[in-house]
Amino acid sequence: MASPMSAGRFLAVLRAEGATVAEVGDWEHHNRNHVGPWGPVHGVMIHHTVTQGAERTVELCRVGRPDLPGPLCHGVVTKNGTVHLVGYGRANHAGLGDDDVLRAVIAERALPPDNEANTDGNRHFYGFECENLGDGEDPWPQRQLAAIERAAAAVCRQHGWTERSVIGHLEWQPGKIDPRGFTMAWLRERIRDRLQQTAGPALPLGSG
């Protein structure tokens with residue numbers, strides 16, 4: 001359990017981890033906090049967008065859809081490996097998911113099957129949307145995968161979490177398939193290896 005980082009610290013830890021970051025508009029104050037709480041935070045959730053084109057994808061995640069207002073995540077990882085920050089605070093990305101999964105994330109243990117949608121995930125997870133059609137054929141460039149790894153590891157490093165605090169949308173909400181094209185077990189292995197490195201230390205309290 002942790003209080004969310006400030007927006008400034010979120011930006012700083014991403015850059016400290018080596019991520020290429022683009023700030024989009026007034027992202028620090030763009031959120032859905034007026035409809036519900038943001039925090040305590042327990043982990044990081046990874047998604048795919050079912051879109052093509054970086055500009056279109058970033059704008060969609062910032063503004064949202066008629067049936068789902070933005071922001072739809074905190075960061076959008078495009079195919080060129082850039083993390084575009086589109087919002088900070090409560091975001092419409094996780095939706096309702098399984099309380100047993102949340103307990104497993106908090107305890108950093110193996111995830112149970114997600115068979116319920118009874119818990120507000122938007123309150124508890126940082127979210128990264130990743131540009132991909134999600135059809136199992138659209139490629140994942142290595143620079144994009146490296147950026148996803150860096151972004152998730154940055155958040156985990158700052159909060160003192162292990163790779164087990166990173167989950168996919170498909171592990172949270174029944175019926176979801178994202179991200180598709182790599183496995184979360186594979187991504188968590190990459191994040192685990194990065195967190196064991198000495199580069200990108202957590203910033204001291206009071207910074208950011």
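Please refer to the structure placed before this passage.
Residues numbered from 1 in each chain as written. Predicted model: local features only at pLDDT ≥ 70, side-chain atom pairs only at ≥ 80, totals over all residues. Heavy atoms only, no water.

Draft legend 1. Structural view of the environment of E116. Topologically, E116 is positioned in the loop between helix 3 (99–107) and strand 8 (119–120). Relative accessible area serves as the criterion here: at 34%, E116 is assigned to the partly exposed category. For E116 and W172, which are 56 residues apart along the polypeptide, the C-alpha to C-alpha distance reads 8.8 Å. Excluding its chain neighbours within four sequence positions, the residues that come into contact with E116 are G97, D98, D99, D100, W172 and P174. (Helix = DSSP H or I, 4+ residues; strand = E, 2+ residues; numbered from the N terminus. Buried < 20%, exposed > 50% of the residue type's maximum accessible area, 1.4 Å probe, protein only. Contact = heavy atoms within 4.5 Å.)

Draft legend 2. Looking closely at the pattern of salt bridges. This structure, assessed with the given rule, holds 13 salt bridges. When the shortest N-O distance is used, the salt bridge between D67 and R65 registers 3.0 Å. Exposure remark for R65: the relative accessible area of 39% places this residue in the partly exposed category. Here D120 makes a salt bridge to R90, at a shortest N to O gap of 2.8 Å. Of this pair, D120 sits in strand 8 while R90 sits in the loop between strand 6 (82–85) and strand 7 (96–97); the two residues are 30 residues apart in sequence, bridging distant segments of the chain. Here R90 falls in the buried class, since its relative accessible area comes to 9%. Via salt bridges that share partners, E17, E149, R157, R190 and R194 belong to a single interconnected network. (Salt bridge = Lys/Arg side-chain N within 4 Å of Asp/Glu carboxyl O.)

Draft legend 3. The nonpolar core, seen in detail. If you look at the biggest cluster of nonpolar residues, it comprises 38 residues, and the most contacted ones within it are F10, L14, V44, I46, Y126 and F128. Put simply, the parts of the chain that give this core at least two residues each are helix 1 (7–16), strand 2 (43–48), strand 6, strand 9 (125–130), helix 4 (142–159) and helix 5 (184–195). If you tally residues by element for this core, the top one is helix 4, at nine residues. Among all residues touching V44, those that are not within four sequence positions of it are F125, Y126, F128, A152, V155, W161, S165, V166 and I167. Counting residues in each nonpolar core, the second largest holds eight residues, with V101, L102, F125 and I167 among its members. (Core = buried A, V, L, I, M, F, W, Y, C linked by side-chain atoms within 4.5 Å.)

Draft legend 4. Fine view of the packing of helix 4 against helix 5. Helix 5 packs onto helix 4 with a crossing angle of 60 degrees between their chain directions and a minimal axis gap of 9 Å. Between helix 4 and helix 5, the angle falls in the class oblique. The interaxial crossing formed by helix 4 with helix 5 has right-handed handedness. Only W186, L187, R190, I191, R194 and L195 of helix 5 make contact with helix 4, whose side of the interface consists of Q142, L145, A146, I148, E149, R150, A152, A153, C156 and R157. (Axes fitted to C-alpha atoms, helices over the stretch in contact; angles between N-to-C directions. Parallel < 35°, antiparallel > 145°, perpendicular 65-115°, else oblique. Left-handed = near helix turned anticlockwise from the far one by under 90°.)

Draft legend 5. Here's a closer look at helix 3. Considered for burial, the residues of helix 3 that qualify are V101, L102, A104 and V105. End-on view of helix 3: buried residues confined to an arc of 160 degrees, all on one side of the axis. Turning to helix 3, the residues buried within the fold contact strand 2, strand 8, strand 9 and strand 10 (166–168). Where helix 3 begins, the side chain of D98 points an oxygen toward the backbone nitrogen of D100, at a separation of 2.7 Å. Of the residues flanking the end of helix 3, it is E108, one or two places downstream, whose phi is positive at about 55 degrees. (Arc of directions from axis to C-beta. Polar contact = N/O pair within 3.5 Å; in protein donor to acceptor, adjacent residues only side chain to side chain.)

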